[in-house]
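# Examining the three-dimensional arrangement
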Amino acid sequence: MNRPEEIGYADELLADGTVHRRYENGLEEWRRRTSGHPHLVHWHDNRGASGTDELLGDRIIKRSLADGTVTYARDIGYGRTLWARGEKVLVNRSSFGGRMGVLLAGLGVATLAITAAQLPPLSMSPEQEEALRQQQAQQSSGGGGDSGGSGYADDGSQGTDGSGDGNDWDANWDGEGDAWNDDDFG
């Protein structure tokens with residue numbers, strides 16, 4: 001597999017409870033969680049695109065654009081999310097803290113091995129998506145397992161990432177008790 005293009009980003013929690021995400025390639029997104037659905041984020045960007053990102057189970061992220069286009073990504077840990085079948089990796093620069101962050105930054109996170117098992121799906125049936133939603137709901141309600149993480153992109157030129165270092169500087173970012181947690185989904 002070729003080395004994926006690495007695009008870093010950082011998040012800023014805004015006073016109104018939304019998040020401003022800035023990518024190193026100039027893309028900016030404004031993100032807000034949906035009331036009553038902690039795994040759904042609405043976003044719009046500075047290039048005129050908008051849509052939703054949904055955290056499914058098994059660390060899969062579904063991005064639905066306003067035009068109906070759907071793409072998938074997979075959080076692979078350490079603040080990295082694979083998009084475009086592994087051609088792009090989005091790296092959460094704001095989540096790098098502690099010794100692991102220093103180590104990964106020194107190595108260049110994209111140099112960590114990416115396996116075929118980590119690639120996001122090209123497509124999914126509604127039944128497959130629903131099964132992953134149920135899995136995520138069980139994990140979120142204390143059913144065990146890894147809560148995963150996430151990232152977001154559409155055609156591979158835009159996106160985000162998941163997984164963090166556990167810092168809770170932005171806990172309760174939406175003002176309704178849903179913490180902006182270390183999986184960095186919202």
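Residues numbered from 1 in each chain as written. Predicted model: local features only at pLDDT ≥ 70, side-chain atom pairs only at ≥ 80, totals over all residues. Heavy atoms only, no water.

### Some remarks on the packing of aromatic side chains
Considering all chains together, one arrives at one aromatic pair under this definition. On the numbers, 5.5 Å between centres and 50 degrees between planes, the contact of Tyr9 with Tyr23 is tilted. Here the residue Tyr9 occupies a position in strand β1 (residues 5–13), and Tyr23 occupies one in strand β2 (residues 19–23), the gap between them amounting to 14 residues. Looking at Tyr9, the relative accessible area reads 1%, which means it is buried. (Phe/Tyr/Trp six-rings, centres within 6.5 Å; stacked < 30°, edge-to-face > 60°. Helix = DSSP H or I, 4+ residues; strand = E, 2+ residues; numbered from the N terminus. Buried < 20%, exposed > 50% of the residue type's maximum accessible area, 1.4 Å probe, protein only.)

### Focus: the sheet that holds β2
Hydrogen bonds between backbone atoms are what pair the strands of a sheet, whose relative direction is either parallel or antiparallel. The strand order around the closed barrel built from nine strands is β1-β2-β3-β4-β5-β6-β7-β8-β9, with neighbouring strands paired in mixed fashion. On average, adjacent strands in this sheet sit at an angle of 30 degrees to one another, irrespective of strand direction. Of the pairings in the sheet, the one linking strand β3 (residues 28–34) to strand β4 (residues 37–45) comprises six bridges and is antiparallel in character. Residue pairing in the sheet places Arg33 in a bridge with Val41 of β4. Running at roughly 125 degrees to strand β6 (residues 60–65), helix α2 (residues 126–140) makes contact with β4, β5 (50–55), β6 and β7 (70–77) of the sheet. (Pairing = 2+ DSSP bridges. Axes fitted to C-alpha atoms, helices over the stretch in contact; angles between N-to-C directions. Contact = heavy atoms within 4.5 Å.)

### Let's talk about the pairing of β1
Note that β1 and strand β9 (residues 88–92) share five bridges and pair parallel. Bridged to Tyr9 within β9 is Asn92. In the sheet, β1 pairs with β2 via five bridges, with the strands oriented antiparallel. Considered in β2, the bridge of Leu13 is made with Val19. In this structure, the hairpin formed by β1 and β2 is closed by a connection of five residues, where Gly17 is found at a positive phi of approximately 90 degrees.

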